[in-house]
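Structural features, examined
Next come the chains, spelled out residue by residue.
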Amino acid sequence: MIQARERDSEATRRRLIDATAQLISEHGYTAVSEPRVCEIAGLTRGALRHHFRTGKYGMVAALAGELFAALPKPNSNRAKDRAVQLLEFLSEAPEGNPLVMLLEIWFASRTDKKLADAIQPNFSANVAGLFSATSAGALSASVMPYRFMLHGAILEVYSGNYDPAKLKLAVRTAASI
């Protein structure tokens, strides 16, 4: 009986996180509200609060952890190689891409203190690793152009002029520089 309850509990948690991801992917962080997440997940607010005591902030923090885990493992310790790897990952499937959703969450945290507090542990532990550094303080100035390139590519996905073919061409160009 306990195993069935644990499976149901995990399934409920999964539905809540998936609904949160869907809203962020399709409409951005501002669309994430507890009633809307519950509606999409087909669950009650009580179920949401049972699994995520801090509500949407806990769900977004859990999602951020999963998004970081979904990124490809570094295939090189060189910043340029890692940036190109992430750009290729972005260009293969830009819509709903973990990098796009992570940047959306990060930007939203600038003006939402509760969100910033909720995601800070995940972001502190993982952002440096995006560029194969041991800590955020260990990121060298030489990494900055690649971070800018990656952030710019993610922002391009949001633009009205976004063209997947141009993004792929830009990634090939970046790899050859």
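Just so we're clear, the structure is a prediction, and the values are computed from it rather than from any experiment.

1. Digging into the environment of valine 84
- Turning to its location among the elements, valine 84 is positioned in helix H5 (residues 79-92).
- Judged by its relative accessible area of 11%, valine 84 falls in the buried class.

2. Section: the pattern of salt bridges
- Going through the model one piece at a time under the given rule, you end up with 8 salt bridges.
- For the salt bridge of aspartate 18 with arginine 14, the shortest nitrogen-to-oxygen distance reads 3.0 Å. On the criterion of helical spacing, the pair formed by aspartate 18 and arginine 14 is a turn pair, its members being 4 residues apart in helix H1 (residues 2-27).
- Here aspartate 18 falls in the partly exposed class, since its relative accessible area comes to 40%.
- The class for arginine 14 is partly exposed, based on a relative accessible area of 29%.
- Of the charged contacts in the structure, one is a salt bridge between arginine 78 and aspartate 81, with a shortest N-O distance of 3.3 Å.
- According to the relative accessible area criterion, aspartate 81 is partly exposed, its value standing at 27%.

3. Observations regarding the packing of helix H4 (residues 56-70) against helix H6 (residues 98-109)
- For the pair H4 and H6, the least separation of the axes is 9 Å and the interaxial angle reads 145°. The hand of the H4/H6 crossing is left-handed. Mapping the contact onto sequence places Val60, Ala64, Leu67, Phe68 and Ala70 in H4 and Pro98, Met101, Leu102 and Ile105 in H6.

4. Focus: the confidence of the model for the chain
- Summary statistics for the chain give a mean pLDDT of 87 and a share of 91% for residues scoring 70 or more.
- Summarising per-element confidence for the chain, the mean pLDDT is lowest in helix H8 (residues 144-158) (83) and highest in helix H2 (residues 34-41) (97).

Criteria and thresholds
- Residues numbered from 1 in each chain as written.
- Predicted model: local features only at pLDDT ≥ 70, side-chain atom pairs only at ≥ 80, totals over all residues.
- Heavy atoms only, no water.
- Helix = DSSP H or I, 4+ residues; strand = E, 2+ residues; numbered from the N terminus.
- Buried < 20%, exposed > 50% of the residue type's maximum accessible area, 1.4 Å probe, protein only.
- Salt bridge = Lys/Arg side-chain N within 4 Å of Asp/Glu carboxyl O.
- Axes fitted to C-alpha atoms, helices over the stretch in contact; angles between N-to-C directions.
- Left-handed = near helix turned anticlockwise from the far one by under 90°.
- Contact = heavy atoms within 4.5 Å.
- pLDDT = per-residue confidence, 0-100.

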